[in-house]
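Results of the structural survey
Here is what each chain is made of, one letter per residue.
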Amino acid sequence: CWLRILRVHMADRSLEDMLPFGKAPALILLITVGAGFYLAFHPVSEQRATMRFWTFARNHSVPYQKATPSFEAKHPGTTLDVQLVHGEAVTSRLRAAFWADLDVPDLVEVEISRAGSFFRGPPEDMGFIDLMPILRSTGYYDRIVKTRFAPYTNKGKIYGLPHDVHPVMLAYRRDLFEAAGIDVEQIKTWEDFVRVGQQITVPGVRYMIELSDSGAHHYEMFLFQRDGGYFDAEGRLTMDDETALETLLFFIPLVAGEGRIASDLGSGRVFTQAVEQGYFLSFVCPDWRSKVAETDIPRMHGKMALMPLPAVASGGRRTSTWGGTMLGITKACPNPELAWQVAEHMYFDKAELAVRFRETNILPPLKDAWEHPAFDEERAYWSGQPLGRLYANLADEVPPQYASPLVETAKSKMSGVISACAVYYRENGEAGFEDFARTRLPEAAAEVRRYMRRNPY
């Protein structure tokens, strides 16, 4: 009887009545239930690598993945998983993982500006192990460019291996320099460079160099060259000291005002076209950017060349630095000895470093590696120059950068100073400019100091 009533009831109902939320949700529910039953009876076996390695840069991850089989062959039974993780995610995910003690990788690469954010608090609260003892015991400490430890050092402990040196040179259109009668051997100082630049720059048509009037990334290269910085070795804020002011007073006239020799169009295709068309005759070129040029501006093959940076004063430093990466071993790693062997393979194997240099143009900080023939190979793109040797010859002059949990904040505030000073200089020139800079720079620094007082670490 009840069965007959149910059949009649069901016969009177439409499909829409039986599926009150619609066909699509019902289909999703059916698939979900089916998948659940399948997984319940066919569980996926978890395969976890022996070592997990995070990096934020694709031009790092590809060589590491290529080097993984040779590492695993040396360590039978070991599996290494190199994961490419977005730079922002590395910082946020890793910090969250340290706090929660959850999903922490064994090894991590961190960008130089973000490294300091992990150096908060007392040593026991650091998420990375101190590498100083093993660097000393293995002798690597004395075989690596010393200044590259500075950004990853805190209270006498080293929490990261430097991936690179990133010496800076100037890339220039050799063909156009020669056509204009410019002899780079006669350009020894920035004063020489500016004098030539003012003779050859045609506003809106041609500029001697590409420099930004709204960001701090080019300004800080000049700052580091003068032994300045955002912080010193003891963590004191120095972004408003006399060196910073002198650098600012020198830099702004390069990018603003009637006598400027620089402009900035941004990155990507517009920059490529600017170099190809001779809008920019030169640009700041750390080692990694030389590969960007080769890849993004291939039509300039054989027309480009490199020269050391002009010195601030005659006989002074002919380079600076731009960018960097550290490799840290986390305290959550169950086998730090094996993690160190991964680090050695990726950072100190001379054959691997030679292959990687040919692929990326990034100069490794291990000075022994520069003996490999790869660093003396002539590059046709760069008018036959031995790219590696040119950068290696400048490596010991590379100035230090010092880390702080607030270095990104300081850089952001300095970008605001650059923008404000450029606007002022365009409108007023030298009249009152030094006073304006002397006011604007300490104001920005005062904001950073307020953040520092809130967090004594």
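Within each chain, residues carry numbers counting from 1 in the order of the written sequence. Note on the predicted model: pLDDT of at least 70 is required for a residue's local features to be given, and 80 or more for side-chain atom pairs to be given and counted; whole-chain, interface and lining totals, by contrast, use all residues. Side-chain descriptors were evaluated using all non-hydrogen atoms of the structure, hydrogens and water having been removed beforehand.

**Details of the overall build of the chain**
Helix and strand counts for the chain stand at 18 helices and 14 strands. Relative to its 457 residues, the chain shows a buried fraction of 49%. Excluding contacts between residues fewer than 6 apart, the proportion of contacts in the chain whose partners are at least 24 apart in sequence is 76%. Element-wise, carbon and sulfur atoms account for 54% of the exposed surface of the chain, whose accessible area totals about 21400 Å². For helices the rule is a DSSP run of H or I covering at least 4 residues; for strands it is a run of E covering at least 2, with both sets numbered from the N terminus onward. Only protein chains enter the area calculation, which uses a 1.4 Å probe; residues under 20% of their type maximum are buried, those over 50% are exposed, and those in between are partly exposed. Contacts are residue-level and defined by heavy atoms, with any inter-residue pair within 4.5 Å sufficient. Note on areas: these come from Shrake-Rupley sampling with a 1.4 Å probe, and a residue is covered only by the protein chains present in the view.

**Digging into the confidence of the model for the chain**
When pLDDT drops low, the exact placement of atoms in the prediction is not to be read closely. pLDDT is a per-residue confidence score from the predictor, ranging from 0 to 100. Averaged over the chain, the pLDDT score is 90; the fraction of residues at 70 or greater is 89%. For residues 42–47, every residue scores under 50 in pLDDT, and the model assigns this stretch one contact once sequence neighbours within four places are set aside.

**What to know about the sheet that holds strand β12 (residues 325–329)**
Paired through backbone hydrogen bonds, the strands of a sheet run either parallel or antiparallel to each other. Pairing within the open sheet is mixed, and its five strands lie in the order β2-β1-β3-β12-β6. Looking at strand neighbours, the two that pair on one side only are β2 (80–84) and β6 (161–162), the edges of this open sheet. Here the rule is simple: two strands pair whenever DSSP picks up at least two bridges between them. Across two bridges, the pairing between β6 and β12 is antiparallel. Opposite P162, over in β12, you have M326 as the bridge partner. Contacts from helix α14 (residues 336–348) reach β1 (51–55), β2, β3 (107–111), β6 and β12, with the element oriented near 155° to β12. Only the stretch in contact is used when fitting a helix axis, every axis being a line fitted to C-alpha atoms; angles between N-to-C directions are given from 0 to 180 degrees.

**Comments concerning the pairing of strand β7 (residues 168–173)**
The buried count for β7 comes to six of six residues, which makes it a mostly enclosed element. Two elements, β7 and strand β10 (residues 282–286), share five bridges in a ladder whose sense is antiparallel. When the bridges of β10 are listed, L170 appears paired with V284. Summarising the sheet, β7 and strand β11 (residues 304–308) pair through five bridges and their orientation is antiparallel.

**Overview of the side chain of D368**
Tracing the chain through its elements places D368 in the loop between α15 (350–360) and β13 (378–379). In this structure, D368 is in contact with R143 and K350, ignoring residues within four places of it in sequence.

**Digging into the pattern of salt bridges**
Any Lys or Arg side-chain nitrogen located within 4 Å of an Asp or Glu carboxyl oxygen qualifies as a salt bridge. Per the stated rule, a full pass over the model turns up 26 salt bridges. The salt bridge involving D227 is made with R317; its shortest N-O contact spans 3.2 Å. Here R317 lies in the loop between β11 and β12 and D227 lies in the loop between α10 (217–225) and α11 (242–255), a separation of 90 residues in the sequence. What makes R317 partly exposed here is its relative accessible area of 21%. Across the pair D232 and R236 runs a salt bridge whose closest N-O atoms are separated by 2.9 Å. The exposure class assigned to D232 is buried, which follows from its relative accessible area of 17%. Among the charged side chains, a salt-bridge network with shared partners connects D232, E234 and R236.

**Remarks on the packing of α14 against α15**
When two helices pack together, their arrangement is given by the angle between the helix axes and by the axis-to-axis distance. Put simply, α14 and α15 touch, their axes get as near as 6 Å, and they point 50° apart. With respect to α15, the axis of α14 lies oblique. Packed against α14, whose contacting residues are H345, M346, Y347 and F348, the element α15 presents K350, E352, L353 and R356 at the interface. Lys, Arg, Asp and Glu make up the charged group, whereas Ala, Val, Leu, Ile, Met, Phe, Trp, Tyr, Cys and Pro make up the nonpolar group; the residues left over, Gly among them, are polar. Looking at the contact of α14 with α15, its residues break down into four nonpolar, one polar and three charged. When an angle is under 35 degrees it counts as roughly parallel; over 145 it counts as roughly antiparallel; between 65 and 115 it counts as roughly perpendicular; any other value is oblique.

**Description of the nonpolar core**
Definition of nonpolar core: a set of buried residues of the types Ala, Val, Leu, Ile, Met, Phe, Trp, Tyr and Cys, connected through side-chain atoms within 4.5 Å. Formed by 62 residues in total, the largest nonpolar core has its most connected members in F53, L107, L135, L161 and W382. Of the residues forming this core, the biggest block, eight residues, is contributed by α14. The residues contacting L161, other than those within four sequence positions of it, are L131, L135, T325, M326, L327, W340, A343, Y347 and F348. Core analysis: the next-biggest nonpolar cluster, separate from the first, contains 57 residues, I209, A216, M221 and C421 among them.

**Quick look at unusual backbone geometry**
Of note, the phi angle at K155 is positive, near 50°, even though the residue is not glycine. Positioned with a positive phi, D227 is a non-glycine residue whose angle comes to about 70°. The exposed category is assigned to D227, whose relative accessible area is 55%.

**Remarks on helix α17 (residues 407–428)**
One less than the residue count of a helix, multiplied by 1.5 Å, gives the span that helix is expected to have. Over its 22 residues, α17 runs 31 Å from end to end, which matches the ideal 32 Å to within 8%, given 1.5 Å per residue. Elements that come into contact with the buried residues of α17 comprise α6 (112–115), α10, α11 and α18 (433–454). Looking one or two places after α17, you find G429, whose phi comes out positive at around 65°.

**Structural notes on the packing of α11 against α17**
At a minimum axis distance of 9 Å, the contact between α11 and α17 shows a crossing angle of 60°. Put simply, α11 runs oblique to α17. The handedness of the crossing between α11 and α17 comes out as right-handed. Here L248, F251, I252, P253 and V255 of α11 come into contact with α17, specifically with V417, I418, C421, A422, Y425 and R426. Taken together, the residues of the contact of α11 with α17 sort by class into 10 nonpolar, no polar and one charged. Take the far helix as your reference; a near helix turned counterclockwise from it by less than a right angle gives a left-handed crossing, and one turned clockwise gives a right-handed crossing.

**Details of the packing of aromatic side chains**
Note on aromatic pairs: the rings of Phe, Tyr and Trp (six-membered ring only in Trp) are paired at centre separations within 6.5 Å, and the planes decide the class, stacked below 30 degrees, edge-to-face beyond 60, tilted for the rest. Using the criterion set out here, one finds 24 aromatic pairs in the structure. These aromatic residues form a ring-pair network of at least three members: W190, F193, Y219, F222, F250 and F251. Definition used: whenever NZ (Lys) or CZ (Arg) falls within 6 Å of the ring centre and also within 35 degrees of the ring normal, the charge is taken to sit over that ring. Above the plane of the ring of Y141 lies K146, whose end atom (NZ or CZ) is 4.7 Å from the centre. Cation over ring: R289 sits above F271, and NZ or CZ is 4.8 Å from the ring centre.

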